[in-house]
Amino acid sequence: MSSPAKPEDTKSKPQDAPAELTAVVDDLLNSLSQKFATVSSEIFEKMDAMSKRLDAIEAALSSSGSGK
């Protein structure tokens, strides 16, 4: 087991707080940006697949309608 941390070890210096906050916010924004890009890509892939299926249905309906 490790010894308990001293209070002065766990607290950051006041002048470091803005830099730490900036780093945390940057990490959060990068993470959200990556997640947004992933979701956007997945949505476009699903829309493309849906478009292809609709085209196939339209072609099948068109060919069955003209065969009468």
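The preceding data block contains the structure.
Residues numbered from 1 in each chain as written. Predicted model: local features only at pLDDT ≥ 70, side-chain atom pairs only at ≥ 80, totals over all residues. Heavy atoms only, no water.

Some thoughts on the overall build of the chain
Alright, step 1. Of the regular secondary structure elements, the chain holds 2 helices and 0 strands.
Alright, step 2. Expressed as a percentage of the 68 residues in the chain, the buried residues total 1%.
Alright, step 3. As presented, the chain carries roughly 6400 Å² of accessible surface, and 62% of it is formed by carbon and sulfur atoms. (Helix = DSSP H or I, 4+ residues; strand = E, 2+ residues; numbered from the N terminus. Buried < 20%, exposed > 50% of the residue type's maximum accessible area, 1.4 Å probe, protein only. Areas by Shrake-Rupley, 256 points an atom, 1.4 Å probe, with all protein chains shown as cover.)

Some details on the pattern of salt bridges
Alright, step 1. As enumerated under the stated definition, the model contains 1 salt bridge in all.
Alright, step 2. In this structure, the salt-bridge partner of K52 is D48, at a minimum N-O distance of 3.6 Å. Here the residue K52 and the residue D48 both occupy positions in helix α2 (residues 17-66), the gap between them amounting to 4 residues, near one helical turn. (Salt bridge = Lys/Arg side-chain N within 4 Å of Asp/Glu carboxyl O.)

Observations concerning a nonpolar patch on the surface
Alright, step 1. Taken together, the side chains of L21, V25, L28, L29 and L32 make up a nonpolar region of the molecular surface, amounting to roughly 470 Å² of accessible area.
Alright, step 2. In this fold, L29 is placed in helix α2. (Patch = residues over 30% accessible without salt bridge, like charges linked within 9 Å, V, L, I, M, F, W, Y side chains within 5 Å.)

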